[in-house]
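An overview of the molecular structure
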Amino acid sequence: MGAAESFVSREVGLLRFITAGSVDDGKSTLIGRLLFDSKGIFEDQLTAIERASTRRGRAEADLSLLTDGLQAEREQGITIDVAYRYFSTPRRKFIIADSPGHEQYTRNMVTAASTAQVAVILLDARNGILTQTRRHTYIASLLGVRHVVFAVNKMDLVDYAQAAFLALREELAAFASKAGIAHAWYVPLSALHGDNVVEPGSRMPWHEGPTLLQLLEHIDAQHDLAVLPFRFPVQGVLRPTGADIDRRWLDFRGYAGRIESGTVAVGDRVSVLPSGATTSIRAIHTLDGDLPDATAPQSVTLLLADPVDVSRGDLIVRTSETPALSAGLSATVCWLDETALDPRRKYLLKHGTRTVKVLVEQIEHRVDIHSLESTPADGTLAANDIGRIRLKLHKPLAFDAYRANRATGSFILIDETTNDTVAAGLIDHG
Amino acid sequence: MNQLAEPLTSSERTLSHLDVLEAEAIHILREVAFECANPALLFSGGKDSIVLLRLAEKAFRPCGFPFPLLHIDTGHNFPEVIAFRDRRAAELGERLIVRTLDESIARGRIRLRHPAEGRNPYQSITLLDAVEEFGFDACIGGARRDEEKARAKERIFSFRDEFGQWDPKNQRPELWDLYNTRVRPGEHMRVFPISNWTEFDIWQYIARERLEVPAIYFAHEREVIRRNGQLAPVSHLVRPREDEIVERVSVRFRTVGDMTCTCPVESTAWTYEEIVRETAVCRITERGATRMDDQTSEASMELRKKEGYF
Ligand SMILES: Nc1nc2c(ncn2[C@@H]2O[C@H](COP(=O)(O)OP(=O)(O)O)[C@@H](O)[C@H]2O)c(=O)[nH]1
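Please read all numbers here as calculations on a predicted model, not as lab measurements.

Here the focus is the overall build of chain A. Helix and strand counts for chain A come out as 10 helices and 21 strands. Out of the 430 residues in chain A, the part that is buried amounts to 59%. Sequence separation of at least 24 residues holds for 70% of the intrachain contacts in chain A that already meet a minimum separation of 6. For chain A, the accessible surface area stands at approximately 17500 Å², while carbon and sulfur atoms represent 49% of it.

Across the chain, the bulk of peptide bonds are trans and the bulk of non-glycine residues have phi less than zero. Of the consecutive residues leucine 273 of chain A and proline 274 of chain A, the connecting peptide bond is found in the cis state with omega at 10°. Position of proline 274 of chain A relative to the elements: it lies in the loop between β10 (269-273) and β11 (277-285). Look at the link from arginine 61 of chain B to proline 62 of chain B: it is a cis peptide, with omega at 15°. As for its placement among the helices and strands, proline 62 of chain B is situated in the loop between α2 (47-60) and β2 (69-73). Phi is positive for asparagine 384 of chain A, which is not a glycine, with a value near 75°. In this structure, asparagine 384 of chain A sits in the loop between β18 (374-375) and β19 (386-399).

Note that leucine 142 of chain A resides in helix α6 (residues 131-142). Each C-alpha atom, one on leucine 142 of chain A and one on leucine 130 of chain A, is 18 Å from the other, the two residues being 12 residues apart in sequence.

Let's shift gears to the site of the ligand. All names here are of chain A. Close to the ligand lie 16 residues, the nearest being Asp24, Lys27, Ser28, Thr29 and Asp156. Backbone polar atom of glycine 26 to an oxygen atom of the ligand: 2.9 Å apart, as the coordinates give it. In the model, an oxygen atom of the ligand is placed 2.5 Å from a nitrogen or oxygen of the threonine 29 side chain. Tallying contributions element by element places helix α2 (residues 27-37) first for the shell around the ligand, with 3 residues. Of the residues that constitute the shell around the ligand, the class distribution is 4 nonpolar, 7 polar and 5 charged.

It is worth spelling out the side chain of aspartate 156 of chain A at this point. Inspection of the secondary structure puts aspartate 156 of chain A in the loop between β5 (147-153) and α7 (162-178). Beyond its immediate stretch of four places on either side in the chain, aspartate 156 of chain A contacts Ser190 and His193 of chain A.

Right, let's get into the pattern of salt bridges. Taken as a whole and assessed by the stated rule, the structure comprises 54 salt bridges over all chains. When the shortest N-O distance is used, the salt bridge between glutamate 35 of chain B and arginine 312 of chain A registers 2.8 Å. Here the residue glutamate 35 of chain B occupies a position in helix α1 (residues 17-35), and arginine 312 of chain A occupies one in the loop between β13 (299-304) and β14 (315-318), the pair thus bridging two chains. By relative accessible area, which is 26% here, glutamate 35 of chain B ends up partly exposed. The partly exposed category is assigned to arginine 312 of chain A, whose relative accessible area is 23%. Across the pair glutamate 278 of chain B and arginine 252 of chain B runs a salt bridge, and its minimum N-O distance is 2.8 Å.

Residues and elements named next belong to chain A. In this model α7 runs 24 Å from its N-terminal to its C-terminal C-alpha over 17 residues, within 8% of the 24 Å that 1.5 Å per residue would give. Within α7, the full set of buried residues consists of Phe165, Leu168, Leu172, Phe175 and Ala176. Across the axial projection of α7, the buried residues extend over an arc of 100°, all falling on one side. Residues of α7 that are exposed and point over 90 degrees away from its buried face: Ala163, Glu170, Ser177 and Lys178. At its buried positions, α7 is contacted by β4 (118-124), α6, β5 and β6 (183-188). Following α7 by one or two positions, glycine 180 has its phi on the positive side, about 80°.

Residue and element names in this part refer to chain B. Judged by pairing direction, the sheet is antiparallel, and its 4 strands sit side by side in the order β8-β7-β9-β10 without closing on themselves. Pairing within the sheet leaves two strands with one partner each, and these edge strands are β8 (230-233) and β10 (265-266). Direction of pairing for strand β7 (residues 220-227) relative to strand β9 (residues 246-252): antiparallel, over a ladder of 6 bridges. When the bridges of β9 are listed, arginine 222 appears paired with valine 249.

Residue and element names in this part refer to chain B. Under the 1.5 Å per step criterion, the end-to-end length of helix α3 (residues 79-92) is 20 Å for 14 residues, consistent within 8% with the ideal 20 Å. Among the residues making up α3, those that are buried are Val81, Ile82, Phe84, Arg85, Arg88, Ala89 and Leu92. Projected onto a plane normal to the axis of α3, the buried residues spread over an arc of 160° and lie on a single side. In this structure, α3 carries Pro79 and Ala90 as exposed residues pointing more than 90 degrees from its buried face. Of the surrounding elements, those touching the buried residues of α3 are α2, β2 and β3 (96-100). Of the residues trailing α3, glycine 93 is marked for its positive phi of about 70°.

Quick look at the sheet that holds strand β3 (residues 93-98) of chain A now. All names here are of chain A. Across the sheet, 6 strands lie side by side as β2-β3-β1-β4-β5-β6; this open sheet has mixed pairing. Of all strands in the sheet, those with a lone pairing partner are β2 (83-88) and β6, marking the two edges. Here the average twist between neighbouring strands, direction ignored, is 25°. Pairing of strand β1 (residues 14-20) with β3 involves 6 bridges; the strand directions are parallel. Across the sheet, the residue bridging to leucine 15 is phenylalanine 94, located in β3. Here helix α5 (residues 105-113) sits on the sheet and contacts β1 and β3; the angle it forms with β1, its principal contact strand, is near 165°. Against the sheet, α6 engages β1, β4 and β5, with an angle of about 175° to β4.

On to empty space enclosed by the protein, then. Residue and element names in this part refer to chain A. Applying the stated criterion to the full structure yields 9 cavities of 30 Å³ or more. The space that makes up the second largest cavity amounts to roughly 140 Å³. For the second largest cavity, the lining is made up of 17 residues, of which Pro233, Leu315, His351, Gly352 and Ala398 are closest to its centre. Those elements that place two or more of their residues in the lining of the second largest cavity are β19 and α10 (406-409). Residue classes in the lining of the second largest cavity are distributed as 8 nonpolar, 5 polar and 4 charged.

The next subject is the packing of α1 of chain B against helix α6 (residues 199-209) of chain B. Helix-helix packing: each pair is described by the crossing angle between the helix axes and the interaxial distance. Residue and element names in this part refer to chain B. The contact between α1 and α6 brings their axes to 11 Å, and the two run at 95°. The orientation of α1 with respect to α6, classified from their angle, is roughly perpendicular. Seen from α1, the contacting residues are His17, Leu18, Asp19, Leu21 and Glu22; seen from α6, they are Asp201, Gln204, Tyr205, Arg208 and Glu209. When the residues that make up the contact of α1 with α6 are grouped by side-chain class, the tally is 3 nonpolar, 2 polar and 5 charged.

Rules and cut-offs
- Residues numbered from 1 in each chain as written.
- Chains lettered and ligands numbered in written order.
- Predicted model: local features only at pLDDT ≥ 70, side-chain atom pairs only at ≥ 80, totals over all residues.
- Heavy atoms only, no water.
- Helix = DSSP H or I, 4+ residues; strand = E, 2+ residues; numbered from the N terminus.
- Buried < 20%, exposed > 50% of the residue type's maximum accessible area, 1.4 Å probe, protein only.
- Contact = heavy atoms within 4.5 Å.
- Areas by Shrake-Rupley, 256 points an atom, 1.4 Å probe, with all protein chains shown as cover.
- Near = heavy atom within 4 Å.
- Polar contact = N/O pair within 3.5 Å; in protein donor to acceptor, adjacent residues only side chain to side chain.
- Nonpolar A, V, L, I, M, F, W, Y, C, P; charged D, E, K, R; others polar.
- Salt bridge = Lys/Arg side-chain N within 4 Å of Asp/Glu carboxyl O.
- Expected span 1.5 Å × (residues − 1).
- Arc of directions from axis to C-beta.
- Pairing = 2+ DSSP bridges.
- Axes fitted to C-alpha atoms, helices over the stretch in contact; angles between N-to-C directions.
- 1 Å grid on protein atoms, 1.4 Å probe; cavity = no way out; pocket = protein on both sides within 12 Å on 5 of 7 lines; lining within 4 Å.
- Points joined across faces, edges and corners; volume = space filled by probe spheres on them.
- Parallel < 35°, antiparallel > 145°, perpendicular 65-115°, else oblique.

Next comes the structure, spelled out in structure tokens:
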């Protein structure tokens, strides 16, 4: 076995990132380059884009065509939704959520950013910080993306000049800290020629930092989740039934769910919310045997020491770290649906594994996505609007503020009559 | 996990990418089970659905699966795979429902243009009939986003209207891990728990879990014909033309679909580890190497999906 065995068991981890940029900043070229240079492109895909490039009168393969999606979009020459790409290096597996830049932009980027650990924001070195850059950084920050990489592209068009990069970097740093970005990084690169994408290249010897890929391989985002308080939304109850069940499982009553944040160990005192009943962890069951402890984002089955009442929609937390509980919420929402918010309509709020009826009590303001200033909402929010609303819930909900915990601070709104997902919500406070 | 020599506290332990993908898939399977009224899991005996079965064990044991297994049998499947399918379902003690294209043909629901035609495109009809027959509101499938461009944008919970159709322009936004599972009578969901897995991940997982797969995934000698740069396996459905030469080659299958259009690749890999290694350095996509039907048009998968294909 030897070498092959180590290939199978090597720990590489997983990183999810998004890419954002204005049209023509070179996002498609950059993704194509990352896939190509890390050998995430297959020969037959390359043949297909070479064919398409020739049809469009280009000499070499246009790497940006790789990220093109559906037929309808190819006909229009634009992409219209979030697409996922995969590649891996010996160190890590990567998932790119690519959201294209145009009028549906806010909604697509919010969607893509919701699961991202890192945002790569592209700029054209010649243009510097644009309104778009501010918007992308704002959305990344709003959605709780803790690591932002500013990729200053097209350095070849400014003669690979260090001064140009440094000036931009300084401006970006001031702005990123104002936007509340926890960790900001800066890489000067040329997606077209490949400098500092995967390999450093020879044209920017003054850049001592890592290349974009090196950075993505080393950012540690998993522990961001593990250090938070323990949160376990119960998905359902596992109770073996039937005449022929193994006697071992006769009294088994397990709570199935995923550890959304934090860690848990056998013996921990826990509370079940919203009821508030307390007990302790008797066992952490998995198919591969019981575990002494477990960490986010593992899916496990918890067994409790006492016969407390637990069902789908409940939240199990450590008794010493309980979240807030309220039937009223103030939240920032991004409206996703073509039909605008109508406070007279009935919406359902899905939070973790709990779904409750809500009423929109008040629309406090809208955020102008260009100026990032608050503006009056005039009683509604339309598709791609971001605004602050006040909700009244049919039943109280256990939650955290989104900026403290993504999993227990987020919700979606569903229109009860159309069943459409109409909004993404980030809880500010109760 | 837990392979580390020194005990680390749980917050210091780094989960491998397989651990993270596994946790996500288990979470998705449980959301289907606890939110949908009448789901089914599509099980073909192929490697992706074999992985799904293991994930379902991880999600629900010691209970039985909260859904039956469903196979849409084209009648063009490799006999080894069908035998494996039946045995695996029996070992797990789970209910397997089989609906065949031959029944649909007999009832006049499907009209083939010629008898030896590839049957993949017709699976949608039998599948949608089965969905209607049993009133399934969710079908769990093993499709992956890395397989094909049209899949790269598909949701994990993918909505189908009352005609079983997928509308790529009108998909529900999917944020965080909050899935909107609501459907009206007649509509249903397709759910893809391993959306974020690649072929490489699948083989790494099969190797890690030591999952049994049909023998034709491993290298074996087989009679093949070279056609359009691919190796067509000789069978009662695929016969050499006058000018073609039959060769015996050491091959393995990367997918195990319809015998008339699924091609093996040359290989001598006959352990899990060798397959993992071959997949790691492989330069051709799974579909490009193994499916004759997807090559005809760049957009053929998208068209089929819109009509209700997996
Ligand atoms: N000179 C130069 N051109 C680039 C670079 N990156 C991208 N481009 C070009 O910029 C144009 C827009 O790139 P594309 O990747 O389609 O941008 P997108 O709209 O952000 O996806 C194309 O003509 C690219 O070839 C770069 O680093 N240097």
